[in-house]
Amino acid sequence: MTLPTGAWRRDWIHRRGGARDASVAVRYVQTPSVFADLRTPELAIGAASFAELDDDQLAALARQDGFAGVATIDGDRVTWHHEIDFQPASAEVDVGRIEPIAADDMFEHALDGAYVERWSRLAPDTGPYVAARAVHAGTTTAILAVAGAHFVYARARPTPLPAAASLGALIAHAPRAQVLAYLDCEISYGATPGWRIERSTLPWRVGARAAVDDVAWQVVERTCTPAELAAMLGPRHDG
């Protein structure tokens, strides 16, 4: 098998002992090596910045999830190696067994049977693919994964999160300034024409242009010409 390249949505997750759950919108872009994944419950937050949010709205943002990094495959098992995490990093390895069920559909199974997820492609798996990252002082600060007309952009928070069971638990008793710093991690999904954001961990970014041309990217891979890449990412990239 090869990695499940392309742009995907999760149709549902079935956790052991529970019912199928489709309450969280999940968007996942996989290039031949790099992935980025955004998981957002439906939130009614009509704010233009963190400054406008009350404590309950901040707690709602903390229930989101997302991650980005490099994926590897061994047989039918995919391991997603996280470099950017919206939630506190877990000590558990992110690995699942992939079961194709059609040309554009698949199941993902937890190795211990704890869950099954059903995934559908958002568009035919035809590319082009672009993967890029930004690095500062040896740490990944941003990742971009593009598959065809779909992208996920992930920007790490300026200061890494301390260990915790969840972001919600971390912010529960923190002062407001610290809460805002903990939540300042953008993971956004959208369409490459215009780089318009459709879903984001920062809801006020929806409808805006992703900050892809403000980053000094190191291109990890591409299946387009240098001219097409320059037109896509702008002049501030290497590769």
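Now for a look at the structure at hand.

Calculation rules
- As a convention, each chain's residues are numbered from 1 in the sequence order in which they are written.
- At least 70 in pLDDT is required for a residue's local features to be given in this predicted model, at least 80 for side-chain atom pairs to be given and counted, and no such filter applies to totals for whole chains, interfaces and linings, which use all residues.
- Hydrogen atoms and water are omitted, and side-chain values are computed over all heavy atoms in the structure.
- Secondary structure elements follow DSSP: runs of H or I of four or more residues count as helices, runs of E of two or more count as strands, with numbering from the N terminus.
- The globule rule used for comparison is 2.2 Å times the number of residues to the exponent 0.38, while the radius of gyration itself is calculated over C-alpha atoms.
- Here, two residues are considered to be in contact whenever any of their heavy atoms come within 4.5 Å of each other.
- The method behind every accessible area is Shrake-Rupley, applied with a 1.4 Å probe, and residues are considered shielded solely by the protein chains displayed.
- Residues scored as positive are Lys and Arg, those scored as negative are Asp and Glu, and His as well as the terminal groups of each chain are ignored.
- In this description, the location of a charge corresponds to atom NZ of lysine, CZ of arginine, CG of aspartate or CD of glutamate.
- Throughout, exposure labels follow a simple rule: accessible area from a 1.4 Å probe, protein chains only, divided by the maximum for the residue type, with under 20% read as buried, over 50% as exposed, and the rest as partly exposed.
- Strands pair, by our definition, only if DSSP identifies at least two bridges between them.
- To qualify as a nonpolar core, a set must consist of buried Ala, Val, Leu, Ile, Met, Phe, Trp, Tyr and Cys residues joined through side-chain atoms within 4.5 Å.
- A pair is scored as a salt bridge if a Lys or Arg side-chain nitrogen falls within 4 Å of a carboxyl oxygen belonging to Asp or Glu.
- Stacked, edge-to-face and tilted are the three classes for Phe, Tyr and Trp ring pairs, Trp counted by its six-membered ring, which pair at centre distances within 6.5 Å; planes under 30 degrees apart are stacked, over 60 edge-to-face, the rest tilted.
- Both a distance and an angle decide whether a charge sits over a ring: NZ of Lys or CZ of Arg must be within 6 Å of the ring centre and within 35 degrees of the ring normal.
- To obtain each axis, a line is fitted to C-alpha atoms, and for helices this fit is confined to the stretch in contact; angles are then taken between N-to-C directions over 0 to 180 degrees.

1. Quick look at the overall build of the protein chain
- In terms of helices and strands, the protein chain carries four helices and 16 strands.
- A compact globule built from 239 residues should have a C-alpha radius of gyration of about 18 Å, and the protein chain, at 17 Å, falls within 12% of that.
- Projected onto the principal axes, the alpha-carbon positions of the protein chain cover approximately 50 × 45 × 35 Å.
- Residue pairs at least 24 apart in sequence account for 55% of intrachain contacts in the protein chain once pairs closer than 6 positions are excluded.
- For the protein chain, the exposed area adds up to about 11,200 Å²; of that, 52% sits on carbon and sulfur atoms.
- Counting 22 positive and 30 negative side-chain charges, the protein chain places the averaged centre of each group 2 Å from the other.

2. Let's talk about the side chain of Thr192
- Here Thr192 is to be found in the loop between strand S13 (186-191) and strand S14 (196-200).
- Ignoring sequence-local partners within four residues, the contact set of Thr192 consists of Val146, Gly148, Ala149, His150 and Phe151.

3. Things to note about the pairing of strand S12 (residues 150-155)
- Taken across its six residues, S12 has five buried, putting it largely inside the fold.
- Alignment of strand S11 (residues 139-147) against S12, held across six bridges, turns out to be antiparallel. Note that in S12 the partner of Leu144 across the bridge is Tyr153.
- Connecting S11 to the next strand, S12, in antiparallel fashion are two residues, including Gly148 with a positive phi near 60°.

4. Let's talk about the nonpolar core
- Core analysis: the largest hydrophobic core is formed by 34 residues, its most contacted members being Phe50, Leu53, Leu167, Leu183 and Ile187.
- Those elements giving two or more residues to this core turn out to be strand S4 (34-41), helix H1 (55-61), strand S10 (129-136), S11, S12, helix H2 (167-171), helix H3 (176-183) and S13.
- Sequence-distant contacts of Leu167, that is, excluding residues within four places in its chain, are made with Ala62, Phe86, Gln87, Pro88, Arg157, Leu161, Tyr182 and Leu183.
- Formed by 20 residues, the second largest nonpolar core is a distinct cluster that contains Ala210, Ala211, Trp217 and Leu233.

5. Describing the pattern of salt bridges
- Summed over all chains, the structure comprises 14 salt bridges.
- A salt bridge links Arg39 to Asp37; its shortest N-O distance comes to 2.8 Å. Accessibility assignment for this pair places Arg39 and Asp37 in one class, buried.
- One salt bridge in this structure joins Asp213 and Arg209, with 3.0 Å as the shortest N-O distance.
- Given a relative accessible area of 33%, Arg209 falls into the partly exposed group.

6. Digging into the packing of aromatic side chains
- This structure, assessed with the given rule, holds seven aromatic pairs.
- The interplanar angle of 65° and the centroid separation of 5.5 Å between the aromatic rings of Tyr28 and Trp119 together place this pair among those described as edge-to-face. Separated by 91 residues along the polypeptide, Tyr28 in strand S3 (residues 24-30) and Trp119 in strand S9 (residues 115-121) bring together distant segments of the chain.
- Aromatic rings pair up to connect Tyr28, Trp80 and Trp119 into one cluster.
- The ring of Tyr189 has Arg27 sitting right over it, with the charged end atom 5.8 Å from the ring centre.
- The lysine or arginine in question, Arg157, covers the ring of Phe86, its NZ or CZ lying 5.7 Å from the ring centre.

7. Regarding unusual backbone geometry
- Each neighbour pair has its own omega, and for Gly127 with Pro128 the value is 0°, a cis peptide bond.
- Among the structural elements, Pro128 can be located in the loop between S9 and S10.
- One non-glycine residue with positive phi stands out, namely Trp195, at about 55°.
- Checked against the element boundaries, Trp195 lands in the loop between S13 and S14.
- Since its relative accessible area comes to 4%, Trp195 is described here as buried.

8. So, the sheet that holds strand S16 (residues 237-238)
- One open sheet accounts for seven strands, arranged S14-S13-S12-S11-S10-S15-S16; its pairing is mixed. Each edge of the open sheet carries a strand with a single partner, namely S14 and S16.
- By the bridge criterion, two bridges tie strand S15 (residues 217-222) to S16 in an arrangement that is parallel. Considered in S16, the bridge of Gln218 is made with Asp238.
- Running over the sheet, helix H4 (residues 226-233) touches S10, S11, S15 and S16 and is turned about 135° from S15.

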